[in-house]
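Spelled out from the first residue to the last, the chains are:
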Amino acid sequence: MKARINGIDLAWSDDGHGPPLVFLHAFPLNRTMWDPQVAGLAHRHRVITVDLRGHGESDAPLWRYTLDGFADDIKHLLEHLGLARATFVGLSMGGYILFEMYRRYPGMVHALALADTRAAADTPDAGAARFSMAQVAYRRGAAAIADLMLPKLLSPRTLEHRADVRDRVRAIIAGAPVSGIAGDLMAMAERPDSTPLLPRITVPTLALVGEDDRASPPDEVEAMARHIPGATCVRITHAGHLSNLENPDAFNAALLKFCDGKAR
Ligand code: MLT
């Protein structure tokens, strides 16, 4: 589906019936990374997966991207759908956006699932690396970004033995608009430190992390969860950073258990 939301054409999918779950994807992917969650959860939930601005079938304007802007897009989409509140699932960059969503629109957040994400802001070196990556995207295109990102996103085991997952992730990244890639990098480089927010989160929260995640290491994600009152953290076996794609059965089971209130 597609509609004019917050000044751009925004695309999303809406499957199933039940309590709404809204999924925000990682950098630089799109909503199709959540296909295994649509397949595994839509029998129990209304599953809404969004192409963030700059990705998939959404517009990719050549302009400044910010986490506030992404959060505003999601707020307007929920209003368009007539949803007052939802449970949100965000992986990595999707998680960064959820911190912003919670800061700006806490009343819309019923519960949070923060997957393979971090609360800390970028260090100056990490910010500079974002700038360099944006220049690579501009000069050599999205396929070059796929080459750089694959070893960060997938575990060595997935890269070696799961050609289907590897090729799919590569194709998604290679198809991403350069304006969206650069926009995300700018937004992530400028994001605030969300660590002070953690103790103030009062909604049920689940953290998930692939046991082989090198981009947001399990120890860091577990430490983040310890600062959120009542939060639990689940390690996803046989998975790296894209834990939802690398081990969808374990990811979906953890999410369903959380939604059933068993893991709060
Ligand atoms: C992501 O998966 O969204 C990225 O690894 C986030 C980041 O680069 O910080």
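Residues numbered from 1 in each chain as written. Predicted model: local features only at pLDDT ≥ 70, side-chain atom pairs only at ≥ 80, totals over all residues. Heavy atoms only, no water.

(A) Region of interest: the overall build of the protein. On a plain count of helices and strands, the protein comes out with eleven helices and eight strands. The C-alpha radius of gyration computed for the protein amounts to 17 Å, which stays within 12% of the reference 18 Å derived for 264 residues, consistent with globular compactness. Per-residue burial over the protein gives 55% buried out of 264 residues. Excluding contacts between residues fewer than 6 apart, the proportion of contacts in the protein whose partners are at least 24 apart in sequence is 75%. Surface accessibility of the protein: about 10,700 Å² in total, with carbon and sulfur atoms responsible for 54%. One way to put it: in the protein the 29 positive side-chain charges average out to a point 2 Å from where the 31 negative ones average out. (Helix = DSSP H or I, 4+ residues; strand = E, 2+ residues; numbered from the N terminus. Rg over C-alpha atoms; globule rule 2.2 N^0.38 Å. Buried < 20%, exposed > 50% of the residue type's maximum accessible area, 1.4 Å probe, protein only. Contact = heavy atoms within 4.5 Å. Areas by Shrake-Rupley, 256 points an atom, 1.4 Å probe, with all protein chains shown as cover. Lys, Arg positive; Asp, Glu negative; His and termini not counted. Charge placed at Lys NZ, Arg CZ, Asp CG, Glu CD.)

(B) Quick peek at the packing of helix α5 (residues 142-153) against helix α7 (residues 163-174). It is at 8 Å that the axes of α5 and α7 come closest, and there the two elements cross at 140 degrees. The angle between α5 and α7 places the two elements in the oblique class. Seen from above, α5 lies across α7 with right-handed handedness. Taking contact as the criterion, the partners of Ala 142, Ala 143, Ile 145, Ala 146, Asp 147, Met 149, Leu 150 and Leu 153 in α5 are, on α7, Arg 166, Val 169, Arg 170, Ile 173 and Ala 174. The residue inventory of the contact of α5 with α7, partitioned by class, reads ten nonpolar, no polar and three charged. (Axes fitted to C-alpha atoms, helices over the stretch in contact; angles between N-to-C directions. Parallel < 35°, antiparallel > 145°, perpendicular 65-115°, else oblique. Left-handed = near helix turned anticlockwise from the far one by under 90°. Nonpolar A, V, L, I, M, F, W, Y, C, P; charged D, E, K, R; others polar.)

(C) Structural view of the layout of surface pockets. As a volume, the largest pocket reaches approximately 400 Å³. Elements supplying a minimum of two residues to the lining of the largest pocket: α3 (93-104), α4 (124-140), α5 and α8 (178-189). Ranked by residues supplied to the lining of the largest pocket, first place goes to α4 with four residues. Across the lining of the largest pocket, the residue classes tally to eleven nonpolar, two polar and five charged. The wall of the second largest pocket is formed by 13 residues, among which Phe 131, Ala 134, Gln 135, Ala 182 and Met 186 lie closest to the centre. Elements with a minimum of two residues in the lining of the second largest pocket: α4 and α8. Partitioned by chemical class, the residues of the lining of the second largest pocket number nine nonpolar, three polar and one charged. (1 Å grid on protein atoms, 1.4 Å probe; cavity = no way out; pocket = protein on both sides within 12 Å on 5 of 7 lines; lining within 4 Å. Points joined across faces, edges and corners; volume = space filled by probe spheres on them.)

(D) Quick look at helix α2 (residues 67-80). Over its 14 residues, α2 extends 20 Å from the first C-alpha to the last, a length consistent with the 20 Å expected when each residue adds 1.5 Å. When α2 is considered as a whole, its buried residues turn out to be Leu 67, Phe 70, Ala 71, Asp 72, Asp 73, Ile 74, Lys 75, Leu 77 and Leu 78. Directly after α2, the chain includes Gly 82, whose backbone phi takes a positive value near 70 degrees. (Expected span 1.5 Å × (residues − 1).)

(E) Highlighting the environment of Asn 6. The topology assignment puts Asn 6 in the loop between β1 (2-5) and β2 (8-15). The class for Asn 6 is partly exposed, based on a relative accessible area of 33%. It is 34 Å that separates the C-alpha atoms of Asn 6 and Asn 247, two residues lying 241 residues apart in sequence. A polar side-chain atom of Asn 6 sits 2.7 Å from a polar atom in the side chain of Asp 73. (Polar contact = N/O pair within 3.5 Å; in protein donor to acceptor, adjacent residues only side chain to side chain.)

(F) Empty space enclosed by the protein, seen in detail. The final tally for this structure, using the stated rule, is one cavity of 30 Å³ or more. If you add up the space inside the largest cavity, you get close to 40 Å³. Of all the elements, α3 adds the most residues to the lining of the largest cavity, at four residues.

(G) Region of interest: the site of the ligand. All residues adjacent to the ligand are Ala 26, Phe 27, Ser 92, Met 93, Tyr 96, Arg 118, Arg 130, Leu 153, Met 188 and His 241. Separating an oxygen atom of the ligand from a backbone N or O atom of Phe 27 is a distance of 2.8 Å. At 3.2 Å, a side-chain N or O of Arg 118 approaches an oxygen atom of the ligand. A majority-of-atoms criterion places the ligand in the largest pocket. Across the shell around the ligand, the residue classes break down as six nonpolar, two polar and two charged. (Near = heavy atom within 4 Å. Sits in = over half its atoms within 2 Å of the grid points.)

(H) Highlighting unusual backbone geometry. Across the junction of Phe 27 and Pro 28, the peptide omega takes the value -15 degrees, indicating a cis bond. Checked against the element boundaries, Pro 28 lands in the loop between β3 (20-24) and α1 (35-41). The residue Asn 6 is not glycine, and still its phi comes out positive at about 50 degrees. Even without being a glycine, Asp 116 presents a positive backbone phi close to 45 degrees. Relative to the helices and strands, Asp 116 resides in the loop between β6 (109-115) and α4.

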